[in-house]
Number of protein chains: 2
Amino acid sequence: MIQGDKQFPSKLLEEAVNEFASLPGIGRKTAFRMVMHLLRSDSAAVKRFGEAVIRLREDVCYCRFCHGISDNPVCDICSDNRRDKTVICVVESVQDVMAVENTRQYNGLYHVLGGIISPVDGIGPSDLTINQLEERVKEGGISEIILALSTTMEGDTTNYYIYKRLNQYDITISTLARGVAIGDVLEYTDEITLGQSIINRRHFTLPGRV
Amino acid sequence: MIQGDKQFPSKLLEEAVNEFASLPGIGRKTAFRMVMHLLRSDSAAVKRFGEAVIRLREDVCYCRFCHGISDNPVCDICSDNRRDKTVICVVESVQDVMAVENTRQYNGLYHVLGGIISPVDGIGPSDLTINQLEERVKEGGISEIILALSTTMEGDTTNYYIYKRLNQYDITISTLARGVAIGDVLEYTDEITLGQSIINRRHFTLPGRV
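The structure displayed is predicted, hence computed values, not measured ones.

(A) Structural context of the overall build of chain A. Scanning chain A from N- to C-terminus turns up seven helices and six strands. Shown N-terminal to C-terminal, the secondary structure of chain A runs as helices and strands in the order α-α-α-β-β-β-α-β-α-β-α-β-α. Relative to the globule expectation of 17 Å for 210 residues, the C-alpha radius of gyration of chain A, 22 Å, shows a markedly less compact shape. For chain A, the spread of C-alpha atoms along the principal axes amounts to about 65 × 45 × 35 Å.

(B) Molecular detail of the sheet that holds strand β6 (residues 172–175) of chain A. All names here are of chain A. The sheet built from four strands is open, its strands ordered β4-β3-β5-β6 with parallel pairing. Bordering the open sheet on either side are β4 (109–112) and β6, each of which pairs with just one other strand. The sheet shows a mean angle of 25° between the axes of neighbouring strands, direction not considered. Those strands touched by helix α4 (residues 94–103) are β3 (87–91) and β4, and its axis lies near 130° from that of β3.

(C) Structural view of the pairing of β3(A). Residue and element names in this part refer to chain A. Among the five residues of β3, four are classified as buried, and the element is accordingly described as predominantly covered. Taken together, the four bridges between β3 and strand β5 (residues 144–147) define a ladder with parallel strand orientation. When the bridges of β5 are listed, V87 appears paired with E144. The sheet contact formed by β3 and β4 spans four bridges and is parallel. Paired with C89 across the strands is Y110, a residue of β4. The parallel pair β3 and β4 is bridged by α4, and the resulting crossover is right-handed.

(D) Expanded view of the packing of helix α3 (residues 43–59) of chain A against helix α1 (residues 11–21) of chain B. Where α3(A) meets α1(B), the axes come as close as 9 Å, and the angle between the chain directions of the two elements is 145°. Along this stretch, α3(A) crosses α1(B), giving a crossing that reads as left-handed. In this structure, α3(A) contributes R48(A), F49(A), A52(A), V53(A), R55(A), L56(A) and D59(A) to the contact, and α1(B) contributes L12(B), L13(B), E15(B), A16(B) and E19(B). Classifying every residue of the contact of α3(A) with α1(B) by side-chain character gives seven nonpolar, no polar and five charged.

(E) View of the sheet that holds strand β6 (residues 172–175) of chain B. Residue and element names in this part refer to chain B. Spatially, four strands are ordered β4-β3-β5-β6 in an open sheet, and the strand pairing comes out parallel. Pairing within the sheet leaves two strands with one partner each, and these edge strands are β4 (109–112) and β6. Taken pair by pair, the neighbouring strands of this sheet meet at an average axis angle of 25°, ignoring direction. Sheet contacts for helix α4 (residues 94–103): β3 (87–91) and β4; angle to β3, the most-contacted strand, approximately 130°.

(F) Focus on the domain arrangement of chain A. Domain assignment breaks chain A into domain 1 (11–59), domain 2 (83–176) and domain 3 (180–210). Inter-centroid distance (C-alpha atoms) of domain 1 of chain A to domain 2 of chain A is 35 Å.

(G) Highlighting the relation of the copies chain A and chain B. Superposing chain A onto chain B takes a rotation of 180° combined with a translation of 0.0 Å along the rotation axis, leaving an RMSD of 0.0 Å. Given the turn and translation reported, the copies of this chain are related as if by a two-fold rotation axis. Minimal C-alpha distance to the rotation axis in chain A is attained by G50(A), lying at 2.0 Å. Most of the interface of chain A is mirrored in chain B, where 100% of its interface residues are also at the interface.

(H) Broad picture of the interface of chain A and chain B. If you look at the interface, chain A gives 53 residues, while chain B gives 53 residues. For the side of chain A that touches chain B, the secondary structure elements donating two or more residues are α1 (11–21), α2 (28–40), α3, β2 (69–70) and α4 of chain A. Among the elements that take part in the side of chain A that touches chain B, α3(A) stands out by supplying 15 residues, more than any other. Residues of the side of chain A that touches chain B, tallied by class, amount to 26 nonpolar, 12 polar and 15 charged.

About the criteria used
Residues numbered from 1 in each chain as written. Chains lettered and ligands numbered in written order. Predicted model: local features only at pLDDT ≥ 70, side-chain atom pairs only at ≥ 80, totals over all residues. Helix = DSSP H or I, 4+ residues; strand = E, 2+ residues; numbered from the N terminus. Rg over C-alpha atoms; globule rule 2.2 N^0.38 Å. Pairing = 2+ DSSP bridges. Axes fitted to C-alpha atoms, helices over the stretch in contact; angles between N-to-C directions. Contact = placed C-beta atoms within 7 Å. Buried ≥ 20, exposed ≤ 12 C-beta atoms within 10 Å, placed from the backbone. Right-handed = clockwise from strand over helix to strand, strands pointing away. Left-handed = near helix turned anticlockwise from the far one by under 90°. Nonpolar A, V, L, I, M, F, W, Y, C, P; charged D, E, K, R; others polar. Domains from an automatic or database assignment. Least-squares fit on C-alpha atoms with pLDDT ≥ 70 in both.

The following block contains the structure:
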């Protein structure tokens, strides 16, 4: 059992375990196992690991248009001329950009908010890139904003706030369709989702890309 | 969803995620969450993290007596004059040294095997520090060897192998007591453990340190 009061036989070991244990979801026991794994690994591989971590934080930059993580001042998506520059999909994080990209159903631009309005966590509109989003809309050339945030209370609040801010401009503001997830069994679908999916029912069409 | 085929918006990000995903028990999704955590962390803290990893592998050394991890050529335990240098507790790994130390019931020396004999994993006696253990015994001054290995088939095999090697010397060879764990309910104790604990029953004494 690895306990809090344990005496590490090595300062280096203790430091490394402490660093890993500072990661989210990693306890001291798991951290210790990771460190022992690194100790058994090839020296060059461990060096590459450490350097990747340092470089990540030092060299990473954020796209000045969409605020997503990028290796360059303008990210690959924003600088891609084949993308539809009149549509912006507003997401919480870079993970969500990747999730939408993986659907292969979207060819527009993105805007990464860097979070979601959450008074409980002390995150207000000014902590997010909402001003920058408004700037992009103000500059013109945008016809539609797709709000692709979590379907939670915080997501709904943020949707509403952005809607209020951008409603004055001549653009369409849409949100993701809400309904029964593909593969879901109706019996186990929660009643709010099911209710929404009845209200927002649509004409039946044969399956396929819309 | 983070999938295998995903396109990372940044090479630096991808490299860091790959490195974390190479750790035991860490999938790509968890690795991504860790990397995003580091990206949000203080730059100095991330640098410290990376450097701790690099230093760990480069600067760590192994005690030349007990083969445990140490910052010096001779570890703190082996160089501590208050410890009983006539008893050696044989363990699998440094974690086990720390586990025994935490009991505060042992004041002798250790010998870290660096593993356990396991033909399935291709680990034979020559992969462990058994020769070095025999050297320590040969040099004299040792009166007892305590075998503190896992109570598994591999542990028993290793116990037996070490016993055969060291039996020729004038030392006591003992193993950890096996029996019902403290706090265990008899009803749920497996029959092998329970059977062993009946065979090895001892005279009742009032609880206390022996």
